[in-house]
Every structure is written in C-alpha cells, then in structure tokens.
Amino acid sequence: MSTFLENSTLFRKVLMALTGLFLSVFLIVHLAGNLQLLLPPDQASIQFNQYSKFMTSNLLIKIVSYVLYLSIILHAVLSLIITLKNKKSAGGGYAYDKRAKVSNWYSRNMGILGTIILLFLIVHMKDFWYEYKFGSLPMDAEGNKDLFSIVVSAFGEPLYVVGYIIAFVALGYHLLHGIFSAFKTFGAYPSRISSLLYFISTGLTILLTVGFIFIPIFIYLKYHIA
Amino acid sequence: MKIKLKIWRQINAESKGKLVDYSLDNVEEDMSFLEMLDLLNEELILKGERPVEFDHDCREGICGTCGLFINGRAHGPLAGTSTCQLHMRSFKDGETIYIEPFRGGAFNVIRDLKIDRSSFDRIMSKGGYISTPVGDAPEANAVPITHDQAESAFDSAACIGCGACVATCKNGSAALFTSAKITHLAKLPQGKVESRARVLKMVEQMDEEGFGHCTNTLACQVECPQEISVSNIDRMNWEYNKAKILGKGD
Ligand code: HEM
Ligand code: FES
C-alpha cells in the first residue's frame, strides 16, 4: 500500500481525481433520491422509506456502497499526503506575499473545505446512516423503517439546518474547484474539450449545491413553520 | 524618484537570511528594475559594503536567468513581464519595494537573491530533447506540418525556464515548466516518437527533485512572463496517463 501511494505526484492526483469524481457521481444519485422528500407528505413518507429499504438491501448497491466508503477514506488519506508534501515543496514562504491575487481562494483551500465536509459526514452518518442500521426506528404504515420522520424531525432545529447549509456551501466550493480539476488531472487538453468540461463541471456543481441546500430549508419551512 | 527597498540578504544556503532596508534617492523612471539594483550596488561598493547578488544575463527577456519576487509577486506587478523587462515607472515615488528570491523546496538560495535552479536542468536532461542525431539542420520544409501546429508548439517552446511558476505555486510544483517542455516536443512529429518514454522520465525526475503536486490553482499561468498556458499541464497529464496505461512504447 505504501509504495502504491508513494508512486508519482501525477499518479496520486489521478487517484484523488478518480475517488473525487466517484463521490461526485454518488452525490448526483443521492440528491435525486432525496428529492423524494419534496413530494406531498403521505407519498413522500411511503416512497422515501421504500427507497431507503431498497438502498440498504440490494446487493449491487451494497457493493457500490463499500466502494464508496473506501473512496472517502482513500480520498481523505491522499489529501493528507498531498497537502503535507506540498507544504514541504513550497519552501519557506515569503516575508511579503501577495500571491492570493493570482488564484481563487477555494482552489488554495481544498484541504480545509474537505475537512469541513469530513466533519459533516461524521455527523450526517451518525444521525441517519447509523440510526437506520443500528438505531430503533419506528415503522411506517407499510412496515418499513420510518427514516422519513427522523429526517423531518431533525430539520426542525434551525441550528441543524444552518449547519447543513454551511457544510453544503463548503462542498459547493470544493466541487467548484474539484470537478474541473479532476478532468484536468485526467488530461483534458484540447481547449475546446476543456471549455466544455468547465461548463459541465460548473453546471453540475451549481445543481448539486443548490439542490442539497434547498431540501433542509424546504423541510424546515414546510413541516415546522407552516 | 526616491524609493525604499527591503531586500533579502543571505550569506549562503546554510545561513539564515533576513530583509535589510535600503533607500535610493536618484532613481529614474526609465531605469529597468535591474538597473535600479545596479545603482544600489554601486553605492554599496563605494561604501565598502557587500553588493546584493542577483541572477541576470540577457536583460532582454529571453534567457530566463532573472527572476525576483517583487512586492509579493513573481517578477513583480506586471503581467507577461520578466524582472529584467520591468521598469521603475511601474512603481510610485516614495514606494517601499520588497525584493525576495524565488522560493520552492527544490530551489535553494545560493546567496541573497541568487538561487539554484539546476533541478530544471536535471529534468531537461531526462528527455527535453530528441535523441536521434540528425546531423546538420534538415531542410525546413522536408517535414510537412501546418502553420497552426508550428505556432502551437512554439507557444510551449517559449518557456524560458525562469521558475516563476514554481515560485508562485503554493505547492512548489514545477508542472508548468515540465509540461511546457514535454508538450513542445509532443506537438511536433520529430518529438512525438519518444513522447511516452519522455514524459515518464521527466515526471520521475521532477518528483525526485522534490517539486510538489499540481493542484490546478492556475496561479502559474498568471505569473509566467511568457504566458505559457496551463493547457500544457493538461497535455502532460494526458501524455503521462497514456504512457502509464500503454507503456513506454519502445
Ligand atoms: C462527498 C465528498 C467529496 C467529494 C465529492 C470530493 C470531490 C473532490 C474532487 C472531484 C476533487 C478533485 C481531484 C483533483 O483535483 O484531481 C477533490 C480534491 C480534493 N479533495 Fe475532495 N471530495 C470530497 C470530500 C473530501 C474530503 C472529506 C476531504 C478531506 C478530508 C477532501 C479533500 C480534498 C483535497 C485536499 C483535494 C485536492 C485538492 C486539489 O487538487 O487542490 N475531499 N475532491
Ligand atoms: S535576464 Fe534574461 S530574461 Fe531576464
């Protein structure tokens, strides 16, 4: 494993890009699934709980989910290796430094944005994934575990909603740099292809960020204010 | 015009350096930045002090020897301009100017503002050339090549190896330099032949020298005096991934 990760700088970046893009594809599926939460209450409850059951019992999806856990771990481990090595390669730094002008702040702070995402993931997995698997959940009318009601009650707490929004803004900036950077790491070189991929990356980032931010706000307003 | 200077002074690679204050009273706007430093050195020599050492050679923007970190930016405030092409009219009367050496883990300060960039030479020696001995320069029209191809290869070949890309990179990555050399040759029929072996060897040397990972912040292309595009890095990544998957091809 260590020689595998000690391979070239370019190879490490390819692994980073592969795991990052895989996580991004997962996010598309995750968002699409979560959009069911926006359905009328009765339908949303039944359908979301059925969907949750399917996602935790289907064998193929189980395999994909293990690849997903591995990807997150590999992505985080690589990010640590890359960030530490880069710190060393940068040399001592400058007494007077105006380099912030020549690149985007989020492209320089992927590690910090990623750490925010990681902290969020721990809370998120604990509250929903762990609860669903190991907690004692109520059952819905169809006899499925009622994750829907857990989700709805979690977002009744304004601070919890705000925490989610902060995490998704961090995710948004992480992806704004990350997705396009990943394509560049693969070698998207003719400028026409590069521009097309920039368009796709940015569009996908906006879609994911707006989508994920919208859901907790929607639930808070619909189930706890109205 | 009058200016104040804060210049990095360091005896050798082992010693610790520090910023030292100087001031100059009769600087002219039309002086180049390096002429301003010459003026300072004349004064220092007359006073019996050790002059400030800095790298320079052609002083016409083509050799890549000069390279100073001026007011927090590689090669100073102007875009597409090497240090020797910068003039004092780009600064205000009475301004304080910070001058530091280019930094990067693979660049060591030799003395004051002079740095060791031999790591670039070692990367070049691993494949920044065509290994077939072709004798005299062949007839230029013997190899069919379009005008656009030639221009595009020349855009990559314009890299003067000054190291501004490394100096400005938060990761101390030499991706822009190395990729420009790889891409220049990959774009031409003569260079294509060895391109897979070349990219593997040059990247290996780049890593061995201790340069960091490229994380595509794109700062390098902003500071490059020759305006080398980061699309060269995309091309290097492509060539590298291809070579990793398909093998060296020889
Ligand atoms: C769902 C979660 C995540 C997604 C979708 C994601 C996505 C991505 C993508 C697509 C890249 C670009 C790879 C490249 O430039 O080649 C990337 C880079 C990176 N990610 Fe993540 N990431 C996630 C979570 C994390 C976490 C948890 C961390 C850290 C603990 C992290 C840290 C980094 C770092 C340091 C980089 C390298 C940045 C760079 O190239 O400048 N990411 N991520
Ligand atoms: S001295 Fe030759 S490029 Fe500046």
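Structure: above.
Calculation notes
- Residues numbered from 1 in each chain as written.
- Chains lettered and ligands numbered in written order.
- Predicted model: local features only at pLDDT ≥ 70, side-chain atom pairs only at ≥ 80, totals over all residues.
- Heavy atoms only, no water.
- Near = heavy atom within 4 Å.
- Polar contact = N/O pair within 3.5 Å; in protein donor to acceptor, adjacent residues only side chain to side chain.
- Helix = DSSP H or I, 4+ residues; strand = E, 2+ residues; numbered from the N terminus.
- Nonpolar A, V, L, I, M, F, W, Y, C, P; charged D, E, K, R; others polar.
- 1 Å grid on protein atoms, 1.4 Å probe; cavity = no way out; pocket = protein on both sides within 12 Å on 5 of 7 lines; lining within 4 Å.
- Points joined across faces, edges and corners; volume = space filled by probe spheres on them.
- Salt bridge = Lys/Arg side-chain N within 4 Å of Asp/Glu carboxyl O.
- Buried < 20%, exposed > 50% of the residue type's maximum accessible area, 1.4 Å probe, protein only.
- Contact = heavy atoms within 4.5 Å.
- Buried area = accessible area lost by both parts, 1.4 Å probe.
- Expected span 1.5 Å × (residues − 1).
- Disulfide = S-S within 2.5 Å.
- Phe/Tyr/Trp six-rings, centres within 6.5 Å; stacked < 30°, edge-to-face > 60°.
- Lys NZ or Arg CZ within 6 Å of the ring centre and 35° of its normal.
- Axes fitted to C-alpha atoms, helices over the stretch in contact; angles between N-to-C directions.
- Parallel < 35°, antiparallel > 145°, perpendicular 65-115°, else oblique.
- Left-handed = near helix turned anticlockwise from the far one by under 90°.

Trainee: Whenever I open this one, the site of ligand 1 confuses me. Can you help?
Mentor: Neighbouring residues of ligand 1: 25 residues in total, closest K13(A), H75(A), H174(A), S181(A) and T215(B). A distance of 3.0 Å separates an oxygen atom of ligand 1 from a polar atom in the side chain of K13(A). In the model, a nitrogen atom of ligand 1 is placed 2.7 Å from a nitrogen or oxygen of the H174(A) side chain. Those elements that place two or more of their residues in the shell around ligand 1 are α2 (9-34), α4 (59-89), α6 (110-134) and α8 (158-186) of chain A. For the shell around ligand 1, the residue count by class is twelve nonpolar, twelve polar and one charged.

Trainee: Is there a simple way to explain the layout of surface pockets in this structure?
Mentor: Gaps left between atoms are located by rolling a probe of water-molecule size over the structure's atoms. All names here are of chain B. There is about 370 Å³ of room inside the second largest pocket. Taken together, 13 residues line the second largest pocket, and the ones lying closest to its centre are I130, V134, P138, V143 and Q190. Of the residues belonging to the lining of the second largest pocket, the class tally is nine nonpolar, two polar and two charged.

Trainee: Just checking my understanding: could you explain the pattern of salt bridges for this structure?
Mentor: Once the charged atoms of two side chains with opposite charge are near each other, the side chains can pair. For the structure on display, the rule yields 16 salt bridges over all chains. Between D97(A) and R99(A) there is a salt bridge, with the nearest N and O atoms lying 2.9 Å from each other. Between R73(B) and E223(B) there is a salt bridge, and its shortest N-O distance comes to 2.6 Å. Of this pair, R73(B) sits in strand β4 (residues 73-74) while E223(B) sits in helix α8 (residues 219-223), and the two are 150 residues apart along the sequence. The class of E223(B) is buried, set by a relative accessible area of 3%. In the salt-bridge network here, residues are joined through shared partners; they are R9(B), R50(B) and D112(B).

Trainee: Please clarify how the interface of chain A and chain B should be interpreted in this entry.
Mentor: Many authors give the size of an interface as the accessible area that is lost as the parts come together. If you look at the interface, chain A gives 37 residues, while chain B gives 44 residues. When chain A packs against chain B, the two sides together hide about 3300 Å² of surface, and 56% of this comes from carbon and sulfur. The three residues of chain A that bury the most area against chain B are L10(A), Y94(A) and Y189(A), which together make up 21% of that side's buried surface. At the surface where chain A touches chain B, the tally comes to one salt bridge. Here D234(B) ties to K184(A) by a salt bridge, and the two come within 3.0 Å at their closest N and O atoms. Viewed at the interface, chain B and chain A are joined by 23 residue pairs in polar contact (both at pLDDT 80 or more). Looking at the side of chain A that touches chain B, the elements with two or more residues in it are α2, α4, α5 (105-108) and α8 of chain A. With six residues, α2(A) is the single largest residue contributor to the side of chain A that touches chain B.

Trainee: Even after reading the chapter, I still don't get helix α9 (residues 191-225) of chain A, so can you show me in this structure?
Mentor: For the α-helix, the turn length of 3.6 residues means that residues three or four positions removed from each other point alike. The end-to-end C-alpha distance of α9(A), which contains 35 residues, comes to 49 Å, matching closely the 51 Å that a straight helix rising 1.5 Å per residue would cover. The complete set of buried residues in α9(A) reads S194(A), L197(A), S201(A), T205(A), L208(A), T209(A), G211(A), F212(A), I213(A), I215(A), P216(A) and I219(A). Buried residues belonging to α9(A) abut α2, α7 (147-154) and α8 of chain A together with α9 (231-246) of chain B.

Trainee: Where do I start with the state of the cysteines in this structure?
Mentor: Two cysteines whose sulfur atoms are joined by a covalent bond form what is called a disulfide. All names here are of chain B. By the definition in use, this model includes zero disulfides over all chains. Take C165: it sits in no disulfide, and the sulfur closest to it among the cysteines is that of C220, at 6.4 Å. Note on C224: no disulfide assigned, nearest cysteine sulfur contributed by C162 at a separation of 6.2 Å. Taking the relative accessible area as the measure of exposure, C224 reaches 9% and is therefore buried.

Trainee: Would you mind going over the packing of aromatic side chains with me for this structure?
Mentor: The geometry of two aromatic rings is summed up by the distance between their centres and the angle between their planes. Summed over all chains, the structure comprises 27 aromatic pairs over all chains. Ring geometry for Y94(A) and F69(B): centres 3.4 Å apart, planes at 5°, overall stacked. You can see Y94(A) sitting in the loop between α4 and α5 and its partner F69(B) sitting in strand β3 (residues 68-70), one on each of two chains. You can call Y94(A) buried: its relative accessible area is 11%. For F69(B), a relative accessible area of 0% puts it in the buried group. Judged by centre distance (6.0 Å) and plane angle (40°), the ring pair of F120(B) and F211(B) falls under tilted. Of the two residues, F120(B) sits in helix α2 (residues 118-125) while F211(B) sits in the loop between α7 (195-208) and α8, which places them 91 residues apart along the sequence. Here the two residues F120(B) and F211(B) agree in accessibility, since each one is buried. Feature note: the residues F120(A), F128(A), F155(A), Y160(A), Y164(A), F168(A) and F212(A) constitute an aromatic cluster, connected by ring pairs. Here the guanidinium or amino end of R103(B) rests over the ring plane of W8(B), the centre of that ring lying 4.5 Å away.

Trainee: What should I look at first to understand empty space enclosed by the protein in this one?
Mentor: Residues and elements named next belong to chain B. Scanning all chains against the criterion turns up three cavities of 30 Å³ or more. Taken as a whole, the largest cavity spans an internal volume of roughly 130 Å³. Together, 16 residues line the largest cavity, and C169, C214, T217, C220 and I233 are the ones closest to its centre.

Trainee: Whenever I open this one, the packing of α6(A) against α7(A) confuses me. Can you help?
Mentor: Packed helices, taken two at a time, are described by the angle between their axes plus the distance between the axes. Residues and elements named next belong to chain A. Between α6 and α7, the least distance of the axes is 11 Å, while the angle of their chain directions is 155°. Compared by their axis directions, α6 and α7 come out roughly antiparallel. Both α6 and α7 take part in a crossing whose hand is right-handed. Where α6 abuts α7, its residues D127, F128 and Y132 lie against L147, I150, V151 and A154. Split into classes, the residues belonging to the contact of α6 with α7 amount to six nonpolar, no polar and one charged.

Scope: geometric values only; no functional claims are made or implied.
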